[in-house]
Every structure is written in structure tokens, then in C-alpha cells.
Amino acid sequence: SAVNRLTSHMKVLAKHGVEFEKPNLDLVKVTKHNLVHCEQCNPSITQLQSCLKSSGKLFNNLGDELLQIVNLLNTASHVPAPTLRQLLRPLLPEHFPLSPQTALNFRYWVKRNATKLKPASGKAVVFSSARLSGICNGKEGHVSMRVCEALSNKSVQECGEILQGVLREAIEEGNAGWKLRSYLERLKEADDFFDYRIVLSPEGVVRSITWQTGVMRTSFNQFGHTLFLDFSKRRLNSMDWPYNGLTMIDSDKKVVVGSESLCIGELNDCYVDILRSTVEMSGGRSLSDIQVIFGDCFIQTTLLDQLGITDTCRIFWDHYHLLQSVWPEFLGKSFSGELKVALEGMVHAKTQLQFHEFCGKALAASSSNPNHQEYIQKYIDSGEMYSTFALESAAMTLGRHGSSHAEQNHSSVMAYMNGISYEQPEILVKLLIERQYHHMTMRAHELSQYHMKMKSEVAKHPETRHNDARLWLSSWGWELWESEASEHSEYRTTVFDDFYRVSRSSVERDIQFGERCNCSFAKMYGLQCRHEISINCGTFNSTLCHARWKKRDELVSTKRTGNVVAA
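All residue numbers refer to positions counted from 1 along the written sequence of the respective chain. Side-chain atom pairs in this predicted model are given and counted only at pLDDT of 80 or more, local residue features only at pLDDT of at least 70, and totals for whole chains, interfaces and linings cover all residues. Only heavy atoms go into the side-chain values, all of them from the structure, while hydrogens and water stay out.

## Topic: the packing of aromatic side chains
The rule is short: rings of Phe, Tyr and Trp, with Trp giving its six-membered ring, pair when the centres are within 6.5 Å, and they are stacked under 30 degrees, edge-to-face over 60, tilted in between. Enumeration according to the criterion identifies 20 aromatic pairs in this entry. Taking the centre distance of 5.1 Å and the plane angle of 55° together, the rings of Phe231 and Tyr271 count as tilted. Taken together, the residues Phe231 in strand 4 (residues 231–232) and Tyr271 in helix 10 (residues 268–282) connect sequence positions 40 residues apart. Here Phe231 matches Tyr271 in class, with each residue buried. Centroid distance Trp317 to Tyr379: 5.9 Å. Interplanar angle 65°. Geometry classified as edge-to-face. Of the two residues, Trp317 is situated in strand 8 (residues 314–317) and Tyr379 in helix 15 (residues 370–381); the sequence distance between them amounts to 62 residues. We count a charge as sitting over a ring when the NZ of a lysine or the CZ of an arginine lies within 6 Å of the ring centre and within 35 degrees of the ring normal. Looking at Arg548, its charged tip hangs above the ring of Trp549, at a distance of 4.8 Å from the centre. For helices the rule is a DSSP run of H or I covering at least 4 residues; for strands it is a run of E covering at least 2, with both sets numbered from the N terminus onward. Only protein chains enter the accessibility calculation, which uses a 1.4 Å probe; a residue is then buried when its area is under 20% of its type maximum, exposed when over 50%, and partly exposed in between.

What follows is the structure in C-alpha cells.
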């Protein structure tokens, strides 16, 4: 301490005959020992050891106790955060702050270094409290796990395990999840259209919280056949639970959500919770009605297996993530030149033949690196999950190429929140519901204006062709259908015994009686295509259009949804 050092210097000077007036030691300011001395001072482990030795707080016999804690963490299915902090408390200096964050740092360090703690040749493990303090403060080769970027060089499995530990501890601290449940129950009592679901993990810890307003319900029932899944990595609440909006695109090409959730992490189990909870709350749609799911490469076909919809639904990976993130991060500088062109060709190939040609080029361009070849081969085998030829041959993909609409929803949320993280999760949920209510109010106004515009045009020009399509179709549906209708005059239809033959120049297409056309437009959009318009002599047939393309008029009848919540 400063007093001891001053007294020692005075004794040395006295031996050499130096006379001086004895100072008043009460005037000497002694600062309380702290591992972080000030905002700009972060002492090393050696400095911490020296400091702790001087204060009598350094213990070097922590080996046995520490090994017991390590063994417990490695063998138990889950050690609650309060329990772990109680076990660590006796091994650390009294002044050391043991928070969920410091306990998490220790969990992470154990996962990465447990093998190094095993005693060699029967020797005891020597482990100082100073080093343990450094680990809990995140000073041994890693940073706080609350920063998602710290997980960038870890495997998906490691990231999932680490994040689960973080978020479980966050919700255990202060019972935030149960406070949120009480708030959601009050909302349900106040608003008949509001509903929510909470799913627990096998350990009895809250894993996902999903809620749905009336407008979300009607949106999901009409547009829930094509979904865009992604979790927001931005911090919005004190629990650090990532936000997910079950995103869709409506008949007017606007982003809407079927539900919103806070989950323990971007895990397959959490996606399963969200989809099952949303279907259960909606009532008008089953899991088998979901035809397409867009997402990043984290989403695998195992999700479909868990939901039991492998035969009725397809997963497609986002093009942007593949070309701008996934492949460049793994391949590094190799993602350039011929290899980059070949991989981009694999993504944008219009036919299966083109896809295989680019696959051959990609393997040839990576022949000098067996690891890269093996990595690329995995994506060649999964070509039907991202290539354009697969997207254009699948039903109800809506001409989309990834999960960008989920990102749009995240950006909208962040803009509404002004980038602020809310300490109380119930406040975050309240603001998210208010956001949906405000969006619904604006959409209701836009829809009303569009309805009036179409009715006015039909009234002014009752003789105009396709007025029935104008009145039935939504704005986006009308835009697509009108483009197809403008092309039908170039086609000639011939009727045979059991099929139609629609031809233009030398190109012919046969359509069986009572069946839909198998062209890419009809498959992707579920809308009457140019060939079917030609068969119908240029007229509109609503029975050939998916229900998603009908004008939305339900917002007015459910306008009360969220009104009570937002008040």
C-alpha cells in the first residue's frame, strides 16, 4: 500500500541520518484496490498478481476447488448462473464483482481450455486467484460474449452453446422472462385479438416468447405460405435475446410479419418454436401450408424434419449471404478471379445444365486447395437450395432470391427504436406492438386510397378490358397480371381432345384440361400466366389466382388490434 511504502522510505532515510518531520499519515490518500484502476488503465495479470500479493489477497491453491467446478460444468446439463457465482465467490477477492457477464466469461474459458487444467504426472494444479480474476474479466484471449462479433471465428455449434449460456443467465437474472409473461397476459386480457406463447427448454428455462396481434394473424393466414426467417443480431433488450419477426411479403409488395419473438438464440429449436406457436395462434393455417422458407445458410433441412413438413416445404438460402459473407469468409483471397465467377455462375444459373458447367469450373479453379474443393463440393450437392434454376421451378417463391425482406423488417425496427436498447423487455414489446399498430394504420389508409382509385377508374371507363381484374387484384397482383396480359396476343391456342396447345413462333406448350400451366411464372407467383390468359381468350379468371393476390380489406375490421396495447 502507499502508506507502507512511505513508511519504508522514511526508515531508510532515518538510518542515513536524514532528519525530517514525521508526516501525518491520516492525510495520505489510499485508494481502494480495484482490478480496473481507472477507465484508461487495464492492468496485466502480472500486475494484478503483484497488487493482490501486496494486499494479502493472492491465493495459489485454487487447483482442487477449480477442478471441481470445471468437472461440474463439463458433466452437468446446465449449471444455473446463481449457482456458478456462488461456487466462484470464495475463490475470488472480496471486492471482485461477480456478475452474469463474469460468470459467462468463465464458462467460455472452461469450454476452450478445460483440457489444460488436468493435472500432469500426479502434480497438483497451481492456479492463482489473480489469474481467475483475469479470466472472469475476459482478459485471457477473448472478449465479452455479449458482443456477437466475438463469435465470428467459432463453429456454429460452439456459437450456439456459448450464446445459450449467455442468454439463459440473462433471463435467470431478475426473472425478466416471467415479468414479461405477466405483461403479455395483461395485454391478452385487454385486447381480444392479442395472443402469445412461451416455450420452455428441457431444463425448464424460457427458450422463446412469441406474440401475435390480430393484423399479424390475418397477414399470416393470407401470406404465410412464403416466409423469410432471420434473427436480428442487434442488441434491443437487457436480456440480449435476439429479435425475430416472422416476415412475409403481402399482395401489395409490402413487408408484413405474422408474429414477433424474443428467443434465446438463432437455433433450430427456436425457429421450430416460432413457427409452431404462430400456426397455433393463427388457427387458419397449418404447418403443411408453408411452401417456401427463405433464410441464411444457418437454416438447414433439419428444420423441416422437426416440423414434419419435408414433403410440402422447401428451404432456399439467401444469395447475398452466400456471395458477400459465407463464401468470402471461408475462401478468403481465393474468392476471386475464375473461382468467384464460377461460384457466382452456380448461384445465378438459369438451367441445371448451366449449374453443372459452373460447378466443374469451380472445382477446377480450386484444384490447388483440397480443403476448398471439399468445401465447394458440399455446396454443389446442395445446389437446389440456392441456385436460380431451382428457385424458378419451385412453387410460390414470388421471384425472390433470399431473406432480404427479413433484413428490411429489422431495419424498420431499429429505426423505430432509434437504436436504443431497453433494460425492461416489456417496454421493448410494448414499442414493437405500437410500431405494428402505426404501420397498420398507414396501410389501412393506403389500401383505402387504392380501392377508391380502382373503383373510380372502372366507373369512368366501364368499357375498358380487364376491369374485373382491376377490382379483384391487389396493386402488385394487377401489375404482374397486366404485364402477362399484354403478351397473350402473341400466342395462338389450339384445342385438342384433352389438352390445349399454346404456341408462339416455334415454341409450343401443352396444358391438360383442368390443370395449371407449368411455366415458371405460374409456379413462382401462383397467378394466371400469359398462356392461361390466351386459353381464356384474354379474360381474367380469379380461380386461377392464389388467394394471396386478392385485395386486402381486412385491416379495417381488425383496426382495434393493438389500439388498447398502444394506448
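## Here's the deal with the environment of Ser334
Within the secondary structure, Ser334 sits in the loop between helix 12 (319–331) and helix 13 (337–348). Here Ser334 falls in the partly exposed class, since its relative accessible area comes to 34%. Linking Ser334 and Asn369, residues 35 residues apart in sequence, is a C-alpha distance of 9.5 Å. With sequence-adjacent residues up to four places away left out, Ser334 is seen in contact with Leu339 and His372. The contact criterion used is simple: two residues touch if any of their non-hydrogen atoms lie within 4.5 Å.

## Description of the pattern of salt bridges
Two side chains that carry opposite charge are able to pair once their charged atoms sit near each other. Basic side-chain nitrogens of Lys or Arg form a salt bridge, by our definition, when they fall within 4 Å of a carboxyl oxygen of Asp or Glu. With the rule as written, the count across this model stands at 19 salt bridges. Ionic pairing is found between Asp195 and Lys188, a salt bridge with its closest N-O pair at 3.2 Å. Since its relative accessible area comes to 11%, Asp195 is described here as buried. You can call Lys188 partly exposed: its relative accessible area is 34%. Close ionic contact of Arg516 with Glu532 constitutes a salt bridge, the shortest N to O distance being 2.6 Å. Here Arg516, found in the loop between strand 11 (507–512) and helix 21 (520–525), pairs with Glu532, found in helix 22 (residues 530–535); they are 16 residues apart in sequence, far enough to count as distant. Of the residues examined, Arg516 reaches a relative accessible area of 36% and is grouped as partly exposed. Judged by relative accessible area, Glu532 falls into the buried class, the value being 4%. Counted as one network, the salt bridges with shared partners bring together Asp250, Asp252, Arg443, Glu446 and Arg552.

## Digging into helix 10
Every α-helix carries 3.6 residues per turn, so stepping three or four residues along brings you back to the same face. Taking 1.5 Å of rise per residue, 15 residues should cover 21 Å, and helix 10 covers 21 Å from first to last C-alpha, within 8% of that figure. Of all 15 residues making up helix 10, 12 are buried, and the element is well covered by its neighbours. All buried positions along helix 10 are accounted for by Asn268, Cys270, Tyr271, Val272, Asp273, Ile274, Leu275, Ser277, Thr278, Val279, Met281 and Ser282. Directly beyond the C-terminal end of helix 10, a positive phi value near 80° is found at Gly283. Multiplying one less than the number of residues by 1.5 Å gives the expected span of a helix.

## Side note on the sheet that holds strand 9 (residues 492–495)
Two strands make a pair as long as DSSP finds a minimum of two bridges between them. Spatial strand order, 9-10-11: three strands in an open sheet with antiparallel pairing. Single-partner strands in this sheet number two, and they are strand 9 and strand 11. Within this sheet the neighbouring strands show an average axis-to-axis angle of 20°, counted without direction. As paired elements, strand 9 and strand 10 (residues 499–504) share four bridges and run antiparallel to each other. Residue pairing for strand 10: Thr494 is matched across the bridge by Arg501. To obtain an axis, a line is fitted to C-alpha atoms, over the contacting stretch when the element is a helix, and the angle between two such axes runs from 0 to 180 degrees between their N-to-C directions.

## Thoughts on the pairing of strand 10
Hairpin connection, strand 9 to strand 10: the antiparallel pair is bridged by three residues. Inspection of the sheet shows strand 10 paired to strand 11 by six bridges, in the antiparallel sense. Across the sheet, Tyr500 pairs through a bridge with Ile511, a residue of strand 11. Between strand 10 and strand 11, which pair antiparallel and follow one another directly, the connecting turn spans two residues, one of which, Ser505, has a positive phi of 55°.

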